[in-house]
Amino acid sequence: MTRALSGRNITLQHGAYTASIASIGATLRELTHSGRDLIVPFAADEMRPFYRGATLVPWPNRVVDGRYTWKGEELQLALTEPERGHALHGLGAWLDYGIVEQTASSVTLGTAIIAQQGYPFTLDVSVTFRLDDDGLHCSVTATNRGDAAAPFGTGPHPYLVAGEGCVDDWSATIPAGSVLTVTDDRLIPTGLEPVDGTAFDFREQRVIGDTFIDHAFTELARDAEGFTEVAVRSTSGAGVAMTWDAACPWVQVHTADQPDAAISRIGLAVEPMTCPPDAFNSGTDLIELDPDASATASWSIRAL
C-alpha cells in the first residue's frame, strides 16, 4: 500500500473556507476562501517543503549550534539545519500525528515527543484545527508526561498569500515596536533594536517591495481584547490576516527568499511564537513545563 508523503490528508469545510491538514507535522497544507489561496499550498503527495504550515514543537525557530544547558546539564540536539549548524523548528515537524477527534469543520490531532538525545523529556502534544465564519483557528497544547521540568516553546509556520503577484507587490502591517537583529550568515540573534527609522518598521501598512526579512519581532501592539494582527494585502485591497493572543509575544516574519526565482518570495511566512529564536539558551519567554503541567497557544487566519 502506498502512502502520501505528507501522511494522512484531512479536509475541513465551513462556508467559503476549505482547509487541508496533513498528519505529518500536524501541517496546514492548504487554506482557501472562495477558492482563493490564503497560504502557499503543497501537494498531498509532496514531501512538505520549507516547513510550510508545520506545527513547531517543542521549540520554534533555532537553537544555535543545537547546544543548550538546562538545569545545569549540557545538552546537544541533532543539527537539522546543517548549512547553518543549528537545530531548527523542534522535533514534531516530521512526526505522524493521529486523529483524536474529527468533524466536518474541525479535527484534533495528537502525538508524543519521546525523550531522546538532546531533549530528555516526554510530551503529549494536541493540535486542533477548526473552521468557522471567521476563518481557521488553531490551538496547540503540550503536556509534560515526564518527572522533570522541560523547556518548551511553540508556533506555526504558514506562508501567507495576499493574492496576485508576490511578496514584493504586497503591503504588510506588522504592529511591532522592536526587532531581534541577527548575523547575516547564520541568523544568530545579536540583540533587540527599535524598528523606528529602519526597514523593519511596518507599524503602518506599507509596500514590502524588495525588503528582506527573516527576523523575529516583539513589543506587539494589541487590541482591547489582547489580540495582535499581522495583515498582508495585494494591490486590489484583498488579502489575509493572522491574529493571536498574548500566549505568543513574538512573531517571526520571513519574505521567503530562495535561489530559485520560481519559488522565491511567493508567500510571507508569519509565525507567532511563544519565545524568540534560541530561547533554549537566552531563556527569554521560554516556558518551563513542570511534570503534568500543560501550555497552550492559539492563532487564527482569515481572508480580507
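Since the model is a prediction, treat every value here as computed from it, not as a measurement.

Student: Sorry, what's going on with the nonpolar core here?
Tutor: Here is a general trend for soluble globular proteins: nonpolar side chains tend to be buried in one another's company. Residues L31, F129 and F217 are the most contacted members of the largest nonpolar core, which totals 76 residues. If sequence neighbours within four positions are ignored, F217 has contacts with I174, A176, S178, V179, V195, F200, P249, W250, V251 and V253. Ranked by size, the runner-up nonpolar core spans five residues in total, among them A54, L56, L88 and A93.

Student: Would you explain the sheet that holds strand β18 (residues 176-182) in this entry?
Tutor: Sheet strands pair by backbone hydrogen bonding; their relative direction is either parallel or antiparallel. A sheet is described by the order of its strands in space; here six strands give the open sequence β16-β25-β24-β21-β18-β19, paired in antiparallel fashion. Two strands in the sheet have a free side with no partner beyond their single neighbour: β16 (159-160) and β19 (189-194).

Student: What should I look at first to understand the environment of N61 in this one?
Tutor: Structurally, the position occupied by N61 is in the loop between β5 (55-56) and β6 (62-63). A relative accessible area of 2% places N61 in the buried class. C-alpha separation for the pair N61 and P276, spaced 215 residues apart in sequence, amounts to 7.6 Å.

Student: How should the layout of surface pockets be read in this particular structure?
Tutor: Once rolled over the atoms, a probe with the size of a water molecule shows which space is left empty. Reported here for the largest pocket is a volume of approximately 410 Å³. Lining of the largest pocket is provided by 23 residues; of these, R62, E81, R84, L88 and Y159 occupy positions nearest its centre. At the level of secondary structure, the elements contributing two or more residues to the lining of the largest pocket comprise β24 (250-254) and β25 (268-273). Residue composition of the lining of the largest pocket, by class: eight nonpolar, seven polar and eight charged. The calculated volume of the second largest pocket comes to roughly 250 Å³. As for the second largest pocket, its lining consists of 17 residues, and the residues nearest its centre are W59, T80, G90, L91 and Q116. Listed by contribution, the elements that provide at least two residues to the lining of the second largest pocket are β9 (87-88) and β11 (106-113). Split by residue class, the lining of the second largest pocket holds 13 nonpolar, four polar and no charged.

The rules we used
- Residues numbered from 1 in each chain as written.
- Predicted model: local features only at pLDDT ≥ 70, side-chain atom pairs only at ≥ 80, totals over all residues.
- Heavy atoms only, no water.
- Core = buried A, V, L, I, M, F, W, Y, C linked by side-chain atoms within 4.5 Å.
- Buried < 20%, exposed > 50% of the residue type's maximum accessible area, 1.4 Å probe, protein only.
- Contact = heavy atoms within 4.5 Å.
- Pairing = 2+ DSSP bridges.
- Helix = DSSP H or I, 4+ residues; strand = E, 2+ residues; numbered from the N terminus.
- 1 Å grid on protein atoms, 1.4 Å probe; cavity = no way out; pocket = protein on both sides within 12 Å on 5 of 7 lines; lining within 4 Å.
- Points joined across faces, edges and corners; volume = space filled by probe spheres on them.
- Nonpolar A, V, L, I, M, F, W, Y, C, P; charged D, E, K, R; others polar.

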